[in-house]
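The chain contents come next:
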Amino acid sequence: MKVHHLNCGCMCPVGGALFDGFSKGIYAHLVCHCLLIETDRDGLVLVDTGFGRDDSRQPEKRLSGFFRLMNNIQKRETLTARSRIEALGFSAEDVRHIILTHLDFDHAGGLTDFPAARIHLLQTEIDTAQQRHSWLARERYRPGQWSGMSGWTGYQCRGEKWYGFEAVTALQGLPPEILLVPLAGHTRGHAGIAVSQPQGAGCCMGVMPGSIGAKWTCKRPAVHPACVFTSG
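First things first, this report covers the structure right here in the doc.

Parameters and conventions
Residues numbered from 1 in each chain as written. Predicted model: local features only at pLDDT ≥ 70, side-chain atom pairs only at ≥ 80, totals over all residues. Heavy atoms only, no water. Buried < 20%, exposed > 50% of the residue type's maximum accessible area, 1.4 Å probe, protein only. Helix = DSSP H or I, 4+ residues; strand = E, 2+ residues; numbered from the N terminus. Pairing = 2+ DSSP bridges. Patch = residues over 30% accessible without salt bridge, like charges linked within 9 Å, V, L, I, M, F, W, Y side chains within 5 Å. Areas by Shrake-Rupley, 256 points an atom, 1.4 Å probe, with all protein chains shown as cover. Salt bridge = Lys/Arg side-chain N within 4 Å of Asp/Glu carboxyl O. 1 Å grid on protein atoms, 1.4 Å probe; cavity = no way out; pocket = protein on both sides within 12 Å on 5 of 7 lines; lining within 4 Å. Points joined across faces, edges and corners; volume = space filled by probe spheres on them.

Two faces belong to every sheet, and in a regular strand the side chains alternate between them. Of all five residues that make up strand E4 (residues 95–99), four are buried, and the element is covered over most of its length. Here four bridges tie strand E3 (residues 44–47) to E4, and the two strands are oriented parallel to one another. Directly across from Val47, in E4, lies its bridge partner Ile99. As defined by bridge partners, E4 adjoins strand E5 (residues 118–122) across three bridges and the pair is classed as parallel. Considered in E5, the bridge of His97 is made with Arg118.

The next point concerns the pairing of strand E6 (residues 152–155). Of the two faces of E6, only one is covered, namely that formed by Thr153 and Tyr155; the face formed by Trp152 and Gly154 stays uncovered. In the sheet, E5 pairs with E6 via four bridges, with the strands oriented parallel. Looking at E6, one finds that Leu122 is bridged to Tyr155.

With that settled, consider a nonpolar patch on the surface. A cluster of nonpolar side chains, Val14, Ile26 and Tyr27, forms an exposed patch at the surface whose accessible area comes to about 310 Å². Positionally, Ile26 belongs in the loop between helix H1 (17–20) and strand E2 (30–38). On the basis of relative accessible area, Ile26 is assigned to the exposed category, the value being 54%.

Counting across every chain of the model gives one cavity of 30 Å³ or more. Estimated volume of the largest cavity: approximately 80 Å³. Around the largest cavity, the lining comprises 14 residues; the ones closest to its centre are Phe51, Ser56, Gln74, Lys75 and Arg76. For the lining of the largest cavity, the secondary-structure elements that each account for two or more residues are strand E1 (2–11) and helix H2 (53–57).

Okay, here's the thing in structure tokens:
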């Protein structure tokens, strides 16, 4: 399998290094880090989607006004997963599976750009996003980004132990080298996505947008100060 690291969105909130750890000025520079996995038999697999084309075209209908202001979301259609994938020479139809770490607006916005893809995530996250039981849940979970999508597969938080994690879950219709790792905290149904390759296994946590060059390993993530507000 070949893994591409993609930047599928940009946010520039006031706060500089408080958010991203490296910016020198007043504005931070956060990316929506996604993975595109080329498999031998199962087509392309997209891990998270970042923002979608309709988020750039109609942000007031798709995104929370609160987070649009707080995160200073940049409207750049060229940064969407679909545009990135097409730039690599593929089409949206080549993406047969999408695995979501969670359903926050900056991770699930591109779902509608891949209407034929099968969607994989923890069932707890589906239930939490549909209930939207609090003000914060209503701001972060945006049904306009995904309510019309079909082909959802929800998974329970169980499985075998793996690299110190309590459980990992195999995904239906996908190679055994790709696994779902329950990591409740940032959201109730948050998960990491583990990918095993000849040079070693890696885990995409999908917790906080950061540097596209960030190293990904099988270690439990440290909590970034900017994650505290949206944890729970």
